[in-house]
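Here are the chains, one letter per residue:
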Amino acid sequence: MARHDEWLRIYDASPVADVNTGAEYLKETSDDDGTTWEYPRPSTGHHLRLDMTEALIAGCTVDYRDGVAVIQSPHPIGGLIRYTPAG
């Protein structure tokens, strides 16, 4: 139960809670520390908040400013995930 409580605490706090869940984003990944970004695909603020929460729980970094998020991937493959506002 503690993990669930921690997940909700992070999800409902800044910077995660600062994201508009209804906003549209472009999600990309990088395996070279952000030198190149690949596999652009549409996403939403809801997915961004989920990715941010999972990264923070795993002790990974999350940088969110001016509507752009760069997240250290908590997944074993590693790399970075970037969300930029669509449009």
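Please read all numbers here as calculations on a predicted model, not as lab measurements.

About the cut-offs
Residues numbered from 1 in each chain as written. Predicted model: local features only at pLDDT ≥ 70, side-chain atom pairs only at ≥ 80, totals over all residues. Heavy atoms only, no water. Helix = DSSP H or I, 4+ residues; strand = E, 2+ residues; numbered from the N terminus. Rg over C-alpha atoms; globule rule 2.2 N^0.38 Å. Buried < 20%, exposed > 50% of the residue type's maximum accessible area, 1.4 Å probe, protein only. Contact = heavy atoms within 4.5 Å. Areas by Shrake-Rupley, 256 points an atom, 1.4 Å probe, with all protein chains shown as cover. Lys, Arg positive; Asp, Glu negative; His and termini not counted. Charge placed at Lys NZ, Arg CZ, Asp CG, Glu CD. Core = buried A, V, L, I, M, F, W, Y, C linked by side-chain atoms within 4.5 Å. Pairing = 2+ DSSP bridges. Axes fitted to C-alpha atoms, helices over the stretch in contact; angles between N-to-C directions.

## Focus on the overall build of the chain
Part 1: When helices and strands are tallied, the chain shows two helices and five strands.
Part 2: Each helix and strand of the chain, ordered N terminal to C terminal, gives the series α-β-β-α-β-β-β.
Part 3: Taken over C-alpha atoms, the radius of gyration comes to 12 Å for the chain, in line with the 12 Å a tight globule of 87 residues would show.
Part 4: Counting across all 87 residues of the chain, residues that qualify as buried make up 32%.
Part 5: Taking the contacts inside the chain whose residues are at least 6 apart along the sequence as the reference set, 46% of them involve residues at least 24 apart.
Part 6: For the chain, the accessible area works out to roughly 5300 Å², and carbon and sulfur atoms hold 53% of it.
Part 7: Averaging the coordinates of the 7 positive side-chain charges in the chain and doing the same for the 14 negative ones gives two points 2 Å apart.

## As for the environment of P40
Part 1: In this fold, P40 is placed in strand 2 (residues 38-44).
Part 2: By relative accessible area, P40 is classed as exposed at 53%.
Part 3: Along the sequence, P40 and Y83 sit 43 residues apart, while their C-alpha atoms lie 9.4 Å from each other.
Part 4: In this structure P40 touches L26, K27 and E28, once residues within four positions along its chain are discounted.

## Description of the environment of A23
Part 1: For A23, the location among the structural elements is in the loop between helix 1 (2-11) and strand 1 (24-30).
Part 2: Sequence-wise, A23 and P85 are 62 residues apart; in three dimensions their C-alpha atoms are separated by 7.5 Å.
Part 3: What A23 contacts, discounting residues up to four positions off in sequence, is S43, T44 and G45.

## With respect to the nonpolar core
The tendency in soluble globular proteins is for nonpolar side chains to be buried side by side.
Part 1: Residues Y25, L48, M52, I71 and Y83 are the most contacted members of the largest nonpolar core, which totals 16 residues.
Part 2: If sequence neighbours within four positions are ignored, M52 has contacts with P15, V16, V19, V62, Y64 and I71.

## Things to note about the sheet that holds strand 3 (residues 62-65)
Part 1: Across the sheet, which stays open at both edges, the five strands sit in the order 2-1-5-4-3 with antiparallel pairing between neighbours. Here the strands that pair on one side only, and so sit at the sheet edges, are strand 2 and strand 3. Here the average twist between neighbouring strands, direction ignored, is 15 degrees.
Part 2: Across six bridges, strand 1 lies against strand 5 (residues 80-85) in antiparallel orientation. Bridging from a neighbouring strand, Y25 pairs with P85 of strand 5.

Keep in mind these values describe shape, not function.
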